[in-house]
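Analysis of the macromolecular model
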Amino acid sequence: MIRAVESEEHVSAPVLAAYSYCEAVTSGQARNFAYGIRLLPAPKRRAMSALYAFSRRVDDIGDGALADEAKAARLDDTRALLGRIRDGAVAEDDTDPVAVALTHAARAFPIPLGGLDELIDGVLADVRGETYETWDDLKVYCRCVAGAIGRLSLGVFGTEPGARGAERAPEYADTLGLALQLTNILRDVREDAEGGRTYLPADDLAKFGCSAGFHGPTPPEGSDFAGLVHFEVRRARTLFAEGYRLLPMLDRRSGACVAAMAGIYRRLLDRIERDPEAVLRGRVSLPGREKAYVAVRGLSGLDTRHVTRRTVRRRA
């Protein structure tokens, strides 16, 4: 059992200010993520915002305009800061609000901060321009940049006392992260190509005649682009199905948060499946009202009950 212990002690004004900064970053830059975490009680919501703000900083270094050597140096500096956070060596009056907030969150919850080291490793792979020959190769990257986030989040959520199979909760959280990341990769295939990045496995691209890459609003000539997308969508759906087994292990509001975030990405996947070439024409997204519906559905517990019934049928 992974039990998140929320600190009930007074939170100082400097720490609350640091959390407020992180929440502003989250609401301004992570619309899908923000829809989920707003369902959490304040201590967990603040901790998740601190995790997001630190992760955003790492991602922004990788996506920024600096030269690769400068990016690597900045990532080394960020890893050193993470070491200070891990050691509890960041004072409440430190000038870095993200470090202050994450230090407090790591004291209040059993967050496995090593997951942020993995995230840095994944962004370094982006800086080096690594590509992936097979799905097994890509999985290693996805576990760094997304599976690790799932495991970090589980440190905040915790699992319910007596939850059946809770020892596998980190595995399911990791798998759900992979599902979200593969959905991101499909959604951003044109944008990534314009930035000189290719994430889909080379053997999948070759299988569907897409090795030439994606540099315009139409697929490569003679390719089976729809076949490629549908193949990857099926892979993502399998990951979602496995990762959703985490839901019955969480308390109601944590489960609602996860169901909301995952539900938004599953609906994105539905849209991509219906119109594969849409990802080449622009960014596929959901309207706010649909995201709100998914959040309400998560809070109702419908997804959790569905997973629970399915698990019971398997055992019967």
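Placed above this text is the structure.
This text gives an overview of the structure that appears in the document. Note that the structure is a prediction, hence the values are computed from the model and not measured.

1. Notes on the side chain of Lys 44
One can find Lys 44 in helix H3 (residues 42–63). Owing to a relative accessible area of 5%, Lys 44 belongs among the buried residues under this scheme. Looking at Lys 44, its side chain comes within polar contact range of the main-chain oxygen of Phe 157, at 3.1 Å.

2. Examining helix H11 (residues 225–243)
For H11, spanning 19 residues, the distance from its first C-alpha to its last is 27 Å, which sits close to the expected 27 Å at 1.5 Å a residue. Within the span of H11, buried status applies to Phe 225, Gly 227, Leu 228, Val 229, Glu 232, Val 233, Arg 235, Ala 236, Leu 239, Phe 240 and Gly 243. Those residues of H11 hidden inside the fold are in contact with helix H7 (135–157), helix H8 (169–187), helix H10 (202–207), helix H12 (252–274) and helix H13 (278–281).

3. So, the packing of H8 against H12
Contact geometry for H8 and H12: axes closest at 10 Å, N-to-C directions at 35 degrees. Note on packing geometry: the crossing formed by H8 with H12 is left-handed. Here H8 contributes Leu 176, Leu 180, Thr 183, Asn 184, Leu 186 and Arg 187 to the contact with H12, which in turn contributes Val 258, Ala 262, Tyr 265, Leu 268, Leu 269 and Ile 272. Among the residues making up the contact of H8 with H12, the classes are represented as 9 nonpolar, 2 polar and 1 charged.

4. Describing the nonpolar core
In this structure, Phe 54, Leu 116, Phe 214 and Phe 240 are the most contacted members of the largest nonpolar core, which totals 102 residues. Tallying contributions element by element places H7 first for this core, with 11 residues. Excluding anything up to four places from it in sequence, Phe 240 contacts Leu 176, Ala 179, Leu 180, Thr 183, Ala 262, Tyr 265, Arg 266 and Leu 269.

5. Let's talk about the pattern of salt bridges
Within this structure, the stated rule accounts for 28 salt bridges. Among the salt bridges present, the one from Arg 143 reaches Asp 174, with a minimum N-O distance of 2.0 Å. Separated by 31 residues along the polypeptide, Arg 143 in helix H7 and Asp 174 in helix H8 bring together distant segments of the chain. When its relative accessible area of 33% is taken as the criterion, Arg 143 is described as partly exposed. The exposure class assigned to Asp 174 is buried, which follows from its relative accessible area of 5%. Three or more residues are tied together by salt bridges with common partners; here these are Arg 79, Arg 86, Asp 117 and Asp 121.

Rules used in this analysis
Residues numbered from 1 in each chain as written. Predicted model: local features only at pLDDT ≥ 70, side-chain atom pairs only at ≥ 80, totals over all residues. Heavy atoms only, no water. Helix = DSSP H or I, 4+ residues; strand = E, 2+ residues; numbered from the N terminus. Buried < 20%, exposed > 50% of the residue type's maximum accessible area, 1.4 Å probe, protein only. Polar contact = N/O pair within 3.5 Å; in protein donor to acceptor, adjacent residues only side chain to side chain. Expected span 1.5 Å × (residues − 1). Contact = heavy atoms within 4.5 Å. Axes fitted to C-alpha atoms, helices over the stretch in contact; angles between N-to-C directions. Left-handed = near helix turned anticlockwise from the far one by under 90°. Nonpolar A, V, L, I, M, F, W, Y, C, P; charged D, E, K, R; others polar. Core = buried A, V, L, I, M, F, W, Y, C linked by side-chain atoms within 4.5 Å. Salt bridge = Lys/Arg side-chain N within 4 Å of Asp/Glu carboxyl O.

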